[in-house]
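The lines below spell out each chain.
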Amino acid sequence: MSALRKSSPLAVTGKYLALGFYIAFALFPLYWLVKIAITPDKLIFTEGTALFPSEFTFENFQTVLIATDFLSYFKNSVIVSVGTAAITTAIAAAAGYAFSRFAFRGKRVIIALMLITQMFPLLMIIAPIYKIVAAVGLLNSLTSLIIVYTAFNIPFATFLMQSFFDGIPKDLEEAGMIDGCTRFEALRKIILPLTLPGLGATLGFVFTAAWSELLFALMLINSNDTMTFPVGLLTFVSKFSVDWGQMMAAGVLALVPSCLFFIFIQRYLVQGLTSGAVKG
Amino acid sequence: MTMIDTVEPGKKSRARPSFYFRYMVEPYLYLTPAIVLIALVMLVPLVIGISYAFQAVNLLRPFQSGWVGLANFEALWSDRKFWLALTNTFWWTLGSIFFQFFLGLGLAMLLNTQFHGKRIVQALVFLPWAVPTFLSALTWAWLFNPTIGPLPHWLAALGILSEPFNILGDKNLAMWGPVTANVWFGIPFFAITLLAALQSIPGELYEAAEIDGATAWQSFTKITLPFLAPMIAITVMLRTIWIANFADLIFVMTGGGPANSTQILSTYIFTTAFRKLDFGYASAIAVALLGLLLIYAAILLVLRRKLVKI
């Protein structure tokens, strides 16, 4: 469509200016985070608001990694996020496969229940969850976080996996089953290798969601040993609210894993949603 | 062809068990883990949470628990903070969704054209979505801090602020802080969904319109908008509900302050549960919020049906 339209130089300039605005708006806060993190402590107050630091240092990162508990928070967050992502993806792949391949009794009810879980305020269940987790003695444990996050992410991950399975022709596993495989063997040997991108995207989504969850972690964890990164960073901020360089260095460290995953999954985003939109 | 797969040799009635197996048992083998987890961790607590709204459940006063009927809601009705939070929720949601939607639509239309380096640009402008929420909140809080952030100085230089101070500490301006952070974080969502919808519009329509001499504005209002309308309706509705429930940004940036000027219902729920450990009252606020959101969704669905009929 755009090739057809006569584009005046003014319109082209306007387009690139607008794109420039969006890029600047998206990146500036992140640039600032990195900038303060690499500014030496002695310059923070004199040059705190200058666009570029006149010297830079990695001292803040060193201090954060060695002298504080951030490595432990980081490790806890990795355990929780990887655990949640792996378990959720396995469970959601099975459920998504069932939605994609079977017509069965109760399907509509289950889909409706899953949609309901996406509509109500999650904060509504923060009090009951706290009491249940306390009752079974799992407060301050990473296991409770993994279980809770897994359940939260299953509905969306299931719909995502279903759309990936829908994109694979049914004939493939039917052919396998005619050749003597059971359905599960056909699923494992024929279908799963084809859904690897879908599994990767789901893993990425769930990992990022678990990595950034704050409120439930704040409620369920209060011992320093089991704090995840968001909780740890927040307590750090309220305790040492003057150490800007270190806080921002910690922030940059928290940013790295989710950005890595994002680069990996972003090309599936529009693709996956486009096929969803076509299906209606 | 339908029965071949699950027929086991040596069975007398070949069709029935396999039919039963395929329609009643096999799907549930795949679904059970998901159903069990969702039921135990979300649906059962949801029912318990609603029941808390009619009880006194305060961990700081463990001996005064029990059913209290509508007492929590009566307290809510005369709670000045609740009404303030309700008003703030309205402005927070409206402000966030307005800027997210229009900036997101603009970005989607830009990305739907051809230009050099599109892949990289797309990855860069979608990046805020990948930033963990607590980190977006902290980053923006720092940007608004005149000691280390440039924003107050820029705003003062532009004459918007009389002097560089932290707007997060100003009762009248504080809400703009979380709204800005939320817009930054939410533009990619609208851009991605609307871009997907834009890409599914057949290009021939624009060619035909151009041959008939339509202006760019005419093809936008007569082709693009009608095609996008269903997607816009559903995303705006889902997003409104999601933003109204979204407590993280405000909780981290201002904690609801100063003087409750940024307290919205969801942060009020969280602080009541987290700081006061008053689960009964927190659940009553949550039930009220849920009710309001249901009314909103119902109105929107009825409107949509009416509009589609015409």
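Residues numbered from 1 in each chain as written. Chains lettered and ligands numbered in written order. Predicted model: local features only at pLDDT ≥ 70, side-chain atom pairs only at ≥ 80, totals over all residues. Heavy atoms only, no water.

Some thoughts on the overall build of chain B
1) Next: Broken down by element type, chain B carries 12 helices and 2 strands.
2) Next: In terms of overall dimensions, chain B is more spread out than a globule: its C-alpha atoms have a radius of gyration of 26 Å, far above the 19 Å expected for 310 residues.
3) Next: Taking the principal axes of the C-alpha coordinates as reference, chain B spans close to 85 × 75 × 40 Å.
4) Next: Taking all 310 residues of chain B together, the buried fraction comes to 50%.
5) Next: Long-range pairs, those at least 24 residues apart, make up 64% of the contacts in chain B with a sequence separation of at least 6.
6) Next: Each charge class in chain B was averaged separately, 19 positive and 13 negative side chains, and the resulting centres sit 9 Å apart. (Helix = DSSP H or I, 4+ residues; strand = E, 2+ residues; numbered from the N terminus. Rg over C-alpha atoms; globule rule 2.2 N^0.38 Å. Buried < 20%, exposed > 50% of the residue type's maximum accessible area, 1.4 Å probe, protein only. Contact = heavy atoms within 4.5 Å. Lys, Arg positive; Asp, Glu negative; His and termini not counted. Charge placed at Lys NZ, Arg CZ, Asp CG, Glu CD.)

Thoughts on helix α1 (residues 9-38) of chain A
1) Next: Taking 1.5 Å per residue as the helical rise, α1(A) with its 30 residues ought to reach 44 Å, and the 41 Å between its terminal C-alpha atoms agrees with that figure.
2) Next: The largest bend along α1(A) measures about 35 degrees and falls at Leu27(A), with the proline Pro29(A) one to four residues further on. (Expected span 1.5 Å × (residues − 1). Bend = angle between axes of the 7 residues up to and from the residue.)

Some words on empty space enclosed by the protein
Using a probe with the size of a water molecule, rolled over the atoms, empty space left in the structure can be pinpointed.
1) Next: Summed over all chains, the structure comprises 3 cavities of 30 Å³ or more.
2) Next: For the largest cavity, the full set of lining residues is Tyr22(A), Phe25(A), Ala26(A), Leu107(B), Val125(B), Pro128(B), Trp184(B), Ile187(B) and Pro188(B).
3) Next: Of all the secondary-structure elements, those providing two or more residues to the lining of the largest cavity are α1 of chain A together with α7 (176-199) of chain B.
4) Next: Of the residues assigned to the lining of the largest cavity, the class counts are 9 nonpolar, no polar and no charged. (1 Å grid on protein atoms, 1.4 Å probe; cavity = no way out; pocket = protein on both sides within 12 Å on 5 of 7 lines; lining within 4 Å. Points joined across faces, edges and corners; volume = space filled by probe spheres on them. Nonpolar A, V, L, I, M, F, W, Y, C, P; charged D, E, K, R; others polar.)

Quick notes on the UniProt feature "transmembrane region" (unreviewed entry) in chain B
Residue and element names in this part refer to chain B.
1) Next: In the numbering used here, UniProt assigns the "transmembrane region" (unreviewed entry) feature to residues 28-54, 90-111, 123-145, 151-169, 181-203, 223-242, 249-269 and 281-303.
2) Next: Secondary structure content for residues 28-54 is 93% helix and 0% strand, and the end C-alpha separation is 36 Å.
3) Next: Along residues 90-111 one finds 100% helix and 0% strand; the C-alpha atoms at either end are 31 Å apart. (UniProt positions renumbered as here; feature names shortened; annotations may be inferred.)

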